[in-house]
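Structural description and commentary
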Amino acid sequence: MGKLAPIILAILLFCPHARANSGTDMPAAADTVADEKKRSGLSRLIQNTISAPKRDRQAELEAARKDMEYFSRYDGKTIGQVVVVRNNVFDRDTERWGERKVNAIHRLTRESQICKDLFIRPGDVFDAATIIRNRRLIRSRDYISDVSIEAVPADADTSTVDLIVTTRDKWTISLDAEVSSNGNSFVKLYDDNILGWGHMFAISTYINYKNGHYGGNVFEYENPNIMGTFFSGRLIAGHGFDHTDYGAEIKKEFIRPTDYGAGASFYYQKEPIGIHPLDSTVQSRDREWNLWFGKSRYIRGLNSSFFFTGRYNDLRFTQRPDVADTLNPYFHNKRSVLLSVGLYRERFRTSNLIYGYGVNEDIAYGFRFTLTGGHTWGEFGNRWYVGGDFSAGYFTSFGYMRWSIELGSYINTRDGKFYRTALVSNINYFSNLLGTGRYKVRQFLNFNYTRGWNRLDGFRESIGFVDEARLRGLREDVYGCHRLVGTSETVVFTPWKIHEFRFAMYGFADLGLIGNDMNLFGNRFFSTIGVGVRIKNENLVFGTINIRLGIALSGDGFRKADYFHISSEQRKDPLRYIPEQAAPVDYR
């Protein structure tokens, strides 16, 4: 399978008739600005490779530390005017044909939409942490490429500070496609910013290219901030081949230290599910109601927030595989009530070249500690649940380090024994930008340890190399109840830039142990290694183009692998420490 539409769109939009400009790099002394603008994309790439200015690493670190200091000097003052300055996708004076056309047809995000995302108002007391949180919120919108907030002391009143909020739009209309070997394919057309309102609408059409069979359509709609309430809404309806989705959801995340979160959703789904160890696919139909609410309160003495959340969930299956008391508990009909309490702190530091390609990124640091408990009423009996989690992440002199651990278990009400116990622990690390030359290097390390005790039989009662614990390129399904995965990736952010498309080269090595032996090192060993390149234009909504070469190995020699892989991938969700709806430990 592959997603190739973003690659095709990039070629069509920005290569024909385009003329390069100087970007942010200074031309050589003998060149005029006009000469620089006339260079071809290839000559500019060579120029950047040879003579791009060297980094000032100390200045980069100092800028990250001074972000809070810049705003903190205005703490306690009164906010005066809040002025919004909106910028198009590309610079107004761009010389490139494709960029001029994009600017001409792009509908700029409406000022009212930007203002809806502002929870800082004229007359409020200036607080540096609140300003940074609001900037992060706006920057997280899919239709915004970047945002800055500048504080300007008022001339007439030294106790008043005006704010200038400057945004840069993304091009938000895109086409995506996926082709499967059996012929089942889909084409998805979407806009993340309909008429500048910030709403997303998408339509996916399914068709089998081999026999021409029409598989259906799926429609999606999202509103990230309903009427300025900071509640987001989502609707989905339709079917594609053997998948059916109908549902609605509304939710609000925790934003400030003293705040509330809430959500309600209903979904009806029909989908094929692969069942291990039967190596078969079954059809599943279910409908699910979910309600949750939570509240947090900032405790000044602890410089942290106390929180609680409560959740009600009702899940019913109308089509499923065989079930029994100890078989396929994932498919059991059940109602659950879960409560959680805890303490958390979250701050942000601005950086770049982590998950993005030159744009500012807000990286969260802080901690969260949660205790969770509740009761489930099921068709094969009732049970209690107890669990907890702790996570903490901080910037250090050698990079960013985060550690998390979750432990949870059900308790059988008939005999009081613990069962379906799960332990999940993760370590995430990325280095400071390394080197002082034109090529910026960052090292990423991730470790996942997952273990289950007293698991039952059936779906999701064993685990594989999936999601964040996957081995890139491995084409074999391997399962067990005990897993350790370590991934290493060295990324070289190059100075190459062609029509705002930036290039990052990377090499990776993934290692994994998995099996049912409680002695971790008695389980099977797998590894994948390879190299790749990622290509991204941060002004465009579609994903990063990822081209990868790799091989897979084990103690028995070479394994089945995706030796060559090309796809479009979305940016990873940033790690956060805010409270979430109460939930059991996700064992997968």
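**Some thoughts on unusual backbone geometry**
Peptide bonds are, in most cases, trans, and in most cases residues other than glycine have a negative phi. Of note, the phi angle at N303 is positive, near 55 degrees, even though the residue is not glycine. Inspection of the secondary structure puts N303 in the loop between β11 (280-299) and β12 (304-319).

**As for the packing of aromatic side chains**
What describes a pair of aromatic rings is the distance from one ring centre to the other and the angle between the planes of the rings. Following the criterion strictly, the structure yields 30 aromatic pairs and no others. Consider the rings of Y357 and F493, whose centres lie 6.1 Å apart with planes at 70 degrees: the pair is edge-to-face. One end of the pair, Y357, is in the loop between β13 (334-351) and β14 (361-378); the other, F493, is in strand β19 (residues 482-498), with 136 residues separating them in the sequence. For the pair formed by Y357 and F493, the shared burial category is buried. Considering the side-chain rings of F398 and Y429, the 6.2 Å spacing of their centres and the 35 degrees angle between planes classify their relative orientation as tilted. Placement of the pair is F398 in the loop between β15 (381-396) and β16 (399-412) and Y429 in strand β17 (residues 418-431), with a sequence separation of 31 residues. According to the relative accessible area criterion, F398 is partly exposed, its value standing at 46%. Put simply, the rings of Y355, Y365, F395, Y400, F430 and F444 pair up and form one aromatic cluster.

**Overview of the pattern of salt bridges**
Any two side chains of opposite charge can pair, so long as their charged atoms come close to each other. On inspection of all chains with the given rule, the structure shows 26 salt bridges. Among the charged side chains, a salt-bridge network with shared partners connects R472, E489, D510, R534 and E569.

**Here we look at the confidence of the model for the protein chain**
In the predicted model, the protein chain carries a mean pLDDT of 87, and the fraction of residues at 70 or more is 88%. Of all secondary-structure elements in the protein chain, the lowest mean pLDDT belongs to helix α2 (residues 33-38), at 44, while β12 reaches the highest, 98. Predicted confidence for residues 49-53 stays below pLDDT 50, and this span has 10 contacts to residues more than four positions away or in other chains.

**Here's the deal with helix α5 (residues 97-105)**
Burial in α5 covers these residues: G98, E99, V102 and N103. The arc enclosing the buried residues of α5, seen along the axis, measures out at 135 degrees, which places them on a common side. What points out from α5, more than 90 degrees from its buried face, is the exposed set A104 and I105.

**Structural notes on the pairing of strand β5 (residues 184-191)**
Bridge count between strand β4 (residues 173-179) and β5: 7 bridges; the pairing is antiparallel. Across the sheet, residue A177 finds its bridge partner in β5, namely V187. If you look at the hairpin formed by β4 and β5, you'll find 4 residues sitting between the two strands, and G183 has a positive phi there, around 100 degrees. Sheet analysis places β5 next to strand β6 (residues 200-208), joined by 8 bridges and oriented antiparallel. Counterpart to L189 in the pairing with β6 is I203.

**With respect to the sheet that holds strand β2 (residues 144-153)**
Reading across the sheet, the 3 strands line up as β1-β3-β2 and stay open at both edges, with mixed pairing between neighbours. Here the strands that pair on one side only, and so sit at the sheet edges, are β1 (78-87) and β2. Strand-to-strand twist across the sheet, computed as the mean angle between neighbouring axes with direction ignored, equals 20 degrees. Pairing geometry for β1 and strand β3 (residues 160-169), over 8 bridges, is parallel. Across the sheet, V82 pairs through a bridge with L163, a residue of β3.

**Quick notes on the nonpolar core**
Judged by nonpolar contacts, the single largest core of 36 residues is most densely connected at F71, F126, I131, L163 and V165. Sequence-distant contacts of F71, defined by excluding residues within four places in its chain, comprise F126, A128, I131, I132, R135 and I149. Within the second largest apolar cluster, 15 residues are counted, among which are F90, V102, F501 and L540.

Thresholds, definitions, all that
- Residues numbered from 1 in each chain as written.
- Predicted model: local features only at pLDDT ≥ 70, side-chain atom pairs only at ≥ 80, totals over all residues.
- Heavy atoms only, no water.
- Helix = DSSP H or I, 4+ residues; strand = E, 2+ residues; numbered from the N terminus.
- Phe/Tyr/Trp six-rings, centres within 6.5 Å; stacked < 30°, edge-to-face > 60°.
- Buried < 20%, exposed > 50% of the residue type's maximum accessible area, 1.4 Å probe, protein only.
- Salt bridge = Lys/Arg side-chain N within 4 Å of Asp/Glu carboxyl O.
- pLDDT = per-residue confidence, 0-100.
- Contact = heavy atoms within 4.5 Å.
- Arc of directions from axis to C-beta.
- Pairing = 2+ DSSP bridges.
- Axes fitted to C-alpha atoms, helices over the stretch in contact; angles between N-to-C directions.
- Core = buried A, V, L, I, M, F, W, Y, C linked by side-chain atoms within 4.5 Å.

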